[in-house]
Amino acid sequence: MATTATKTKSKAKAEPEISWLDADKDYGLGILNGKLVCRNPKGKKLAAVPKWLKETELADQLLALCDWLAEHETECRHRVELWMLRSLPIPREAVESTWADPGWSGALRNMVVTPVDAKGKIDHEQTGLLRDVVSSKGIGIVDRDGETQWIKAAQILVPHPILIDGLEDLREIAVDMQFSQVVNQLFRTVFSATEEQQEFKRIMDFQGGRFEQLNFATSLCKRLGYPVRGGYACNRIWENEVPLEARYWVGDDYPEAETCTEELIFVDEDQVPQKISDVGPVTFSEGMLMASQIYAKRKVEKTEGETA
């Protein structure tokens, strides 16, 4: 007789059920993990979809659905990341009504959340990892003690990691329980301004990052999601309803010309650089993250004796 552990393990490895649609020549087509799959007339799932079957009208429709699902998941992920960056309270009803959608639940599951009452008061004591949503119970979390709680507050907050109390405890729980996040929150790199930096209007920690061509730097910025305007990589952040833009100099010469990174500044809507002490912790951290990601890809000269 199989043990409980063996049964659990087998169940964990079971492949998700596929809803098959009848296709030509008694084949079946379906979608698995966002990709088109097929089975032969004997009911065996094939490793690849035959070319002739992929060119049928049904396959075209399912491939279009796959594209839509991928776009939807990306949109959900970006929206949840925006909630985190702005630390915006979300109505509990909104979370409950969208949880059945795999795009939304996938983006929200395992995110650190904090309850907020109808008056906007944050209850930091009930901060935890979002695991489930049940309308009759509320929002299920695993708290910092590893215990399950159900939140029935009017709203929940998806805080930026720089604002999370007990972040290390939640990181340990996530690792122990093998919780993963679609949106990087728990292990997102964070930066806090030093006392010395508080007095400045510009950060020079990431100056001197050399790129053989400006093209290389601007292409990198685009891949990372940072637009480049007037020679600066830009990241606009709303914090406490105040918009500021982090700007990191990457150069404005000819696209094929060599370039070096310079200052990181934070400007208001009037384009005025702000003193670091007046920049919010989330805005500062995200600006530093942008600069560090770009600087990390600079061209580094090998020292004598260093192997490739």
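One can find the structure itself at the top, above this paragraph.
First, a word on scope: everything that follows refers to the structure included in this document.

Calculation rules
- Residues numbered from 1 in each chain as written.
- Predicted model: local features only at pLDDT ≥ 70, side-chain atom pairs only at ≥ 80, totals over all residues.
- Heavy atoms only, no water.
- Helix = DSSP H or I, 4+ residues; strand = E, 2+ residues; numbered from the N terminus.
- Rg over C-alpha atoms; globule rule 2.2 N^0.38 Å.
- Buried < 20%, exposed > 50% of the residue type's maximum accessible area, 1.4 Å probe, protein only.
- Contact = heavy atoms within 4.5 Å.
- Areas by Shrake-Rupley, 256 points an atom, 1.4 Å probe, with all protein chains shown as cover.
- Lys, Arg positive; Asp, Glu negative; His and termini not counted.
- Charge placed at Lys NZ, Arg CZ, Asp CG, Glu CD.
- Pairing = 2+ DSSP bridges.
- Core = buried A, V, L, I, M, F, W, Y, C linked by side-chain atoms within 4.5 Å.

Right, let's talk about the overall build of the chain for a bit. When its secondary structure is counted, the chain shows nine helices and 16 strands. Here the chain has a C-alpha radius of gyration of 24 Å; the compact-globule value for 308 residues is 19 Å, and the former is much larger. For the C-alpha atoms alone, the extent of the chain along its principal axes is close to 70 × 50 × 45 Å. Buried residues in the chain amount to 41% of all 308 residues. Residue pairs in contact within the chain that sit at least 24 positions apart in sequence constitute 59% of those at least 6 positions apart. With the model as given, the accessible surface of the chain reaches about 18200 Å², and the carbon-plus-sulfur share is 48%. Computed over 38 positive and 50 negative side-chain charges, the separation of the two mean positions in the chain equals 7 Å.

Of the two faces of strand β16 (residues 264-267), both are covered, the one formed by Leu-264 and Phe-266 as well as the one formed by Ile-265 and Val-267. Looking at chain direction, strand β10 (residues 202-203) and β16 are connected through two bridges and run antiparallel. Bridging from a neighbouring strand, Arg-202 pairs with Ile-265 of β16. Two strands pair when backbone bridges link them, and strand β14 (residues 242-249) and β16 are joined in this way by four bridges, in the antiparallel orientation.

Next up on the list: the nonpolar core. Side chains of a nonpolar character, in soluble globular proteins, are inclined to be buried together. Formed by 24 residues in total, the largest nonpolar core has its most connected members in Ala-233, Tyr-248, Leu-264, Phe-284, Met-290 and Ile-294. Of all the elements in the fold, those that place two or more residues in this core are α8 (214-224), β14, β16 and α9 (281-295). Considering every element that reaches this core, the biggest residue donor is α9, with seven residues. What Ile-294 contacts, discounting residues up to four positions off in sequence, is Phe-211, Leu-220, Cys-221, Leu-224, Tyr-226, Ala-233, Tyr-248 and Val-250. Core analysis: the second largest hydrophobic core is formed by 22 residues, Val-95, Met-111, Val-113 and Ile-156 among them.

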